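Geometric and topological summary
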Amino acid sequence: MGSIRGELFTTQVTLDNRSYFFNVKENRAGDVFLQIVESKKGDGADFDRHQIAIFAEDMQKVLKGLDDSLKFIEKDKKERAKARAEKKAAKEAKYGKGAEKNGKKVIKRHNPDQRPDDGIQRTGKVIHIASKRDADTGDTDAEK
């Protein structure tokens, strides 16, 4: 045994806001297991710690589950990228290239002279709808 706590091997992975410790340990009965500890900064100077233990006889099953999960993540990542590319291509086909800049929709404004007379007076921020009957007869609300 390596130390009083039964640690045989330890390695650490440090990320921006958390660390992972992979500790190979041996218990009093002589069983070897992997302890995975996640440590992240909590409130104040405290650290939140979560841990799991995986015994040596279960390690291959756990690694298979981890491998299956990683394969799913890679496949899903590719499918999502493909779906985004298809959505972008469809948007470009509909609105033209560059229809989206910096994640914001760009609406192409049409020449007002080319719009059909649909009874909608467009003044910018507010849309005013004129009644067809009023437009045809020339009547106003005050004359009625």
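Attention in this report is confined to the structure presented alongside it. The model shown is predicted, which means the values in this text are computed figures rather than measured ones.

What to know about the pattern of salt bridges
All chains considered together, the criterion is met by four salt bridges. Measuring nitrogen to oxygen at the nearest pair gives 2.5 Å for the salt bridge that ties E38 to R18. A residue pair is termed long-range when its members are at least 10 positions apart, and E38 in strand β3 (residues 32–41) and R18 in strand β2 (residues 18–26) qualify at 20 residues. For R18, a relative accessible area of 22% translates into the label partly exposed. Note that D76 and R80 form a salt bridge whose closest N and O atoms lie 2.7 Å from each other. Of the two residues, D76 and R80 both sit in helix α1 (residues 59–95), four residues apart, roughly one turn of that helix.

Some words on the sheet that holds β2
One open sheet holds the four strands; their spatial order is β1-β2-β3-β4, and the pairing between them is antiparallel. The sheet is open, and its two edges are formed by β1 (7–14) and β4 (47–55), each paired on a single side. With strand direction ignored, the average angle separating the axes of adjacent strands in the sheet is 15 degrees. Pairing of β1 with β2, which is carried by seven bridges, proceeds in the antiparallel orientation. Within the sheet, the bridge partner assigned to V13 lies in β2 and is Y20.

Let's talk about the environment of F22
In this fold, F22 is placed in strand β2. Residues F22 and Q35, 13 residues apart in the sequence, show an inter-C-alpha distance of 5.9 Å. Every residue in contact with F22, bar those within four places of it in the chain, is listed here: F9, T10, T11, V13, L34, Q35 and I36.

As for the environment of N23
Here N23 shows up in strand β2. Judged by relative accessible area, which is 7%, N23 ranks as buried. Residues N23 and G6, spaced 17 residues apart in sequence, show a C-alpha to C-alpha distance of 9.7 Å. Beyond its immediate sequence surroundings of up to four residues, N23 is in contact with F9, T10, F33, L34, Q35 and V37.

Topic: α1
With 37 residues, α1 extends 53 Å from end C-alpha to end C-alpha; this agrees with the ideal 54 Å at 1.5 Å per step. Trailing α1 by a residue or two, G96 shows a phi angle of about 100 degrees, which is positive.

Considerations on the pairing of β4
Bridging between β3 and β4 involves nine bridges; their strand directions are antiparallel. Paired with Q35 across the two strands is A53, which belongs to β4. Turn length for the β3-β4 hairpin, with the two strands adjacent in sequence and antiparallel, is five residues, and the turn residue G44 shows positive phi of about 70 degrees.

So, the pairing of β3
Here β2 pairs with β3 via nine bridges, running antiparallel. Residue pairing in the sheet places F22 in a bridge with I36 of β3. Counting the residues in the hairpin turn of β2 and β3 gives five residues, including G30, whose phi is positive at 90 degrees.

A closer look at a nonpolar patch on the surface
Together, L63, L66, L70, F72 and I73 line one region of the surface with nonpolar side chains, adding up to about 490 Å² of accessible area. With respect to the helices and strands, the residue L63 is situated in helix α1.

Conventions we followed
- Residues numbered from 1 in each chain as written.
- Predicted model: local features only at pLDDT ≥ 70, side-chain atom pairs only at ≥ 80, totals over all residues.
- Heavy atoms only, no water.
- Salt bridge = Lys/Arg side-chain N within 4 Å of Asp/Glu carboxyl O.
- Helix = DSSP H or I, 4+ residues; strand = E, 2+ residues; numbered from the N terminus.
- Buried < 20%, exposed > 50% of the residue type's maximum accessible area, 1.4 Å probe, protein only.
- Pairing = 2+ DSSP bridges.
- Axes fitted to C-alpha atoms, helices over the stretch in contact; angles between N-to-C directions.
- Contact = heavy atoms within 4.5 Å.
- Expected span 1.5 Å × (residues − 1).
- Patch = residues over 30% accessible without salt bridge, like charges linked within 9 Å, V, L, I, M, F, W, Y side chains within 5 Å.
- Areas by Shrake-Rupley, 256 points an atom, 1.4 Å probe, with all protein chains shown as cover.

Function cannot be inferred from these measures alone, as they are strictly geometric.
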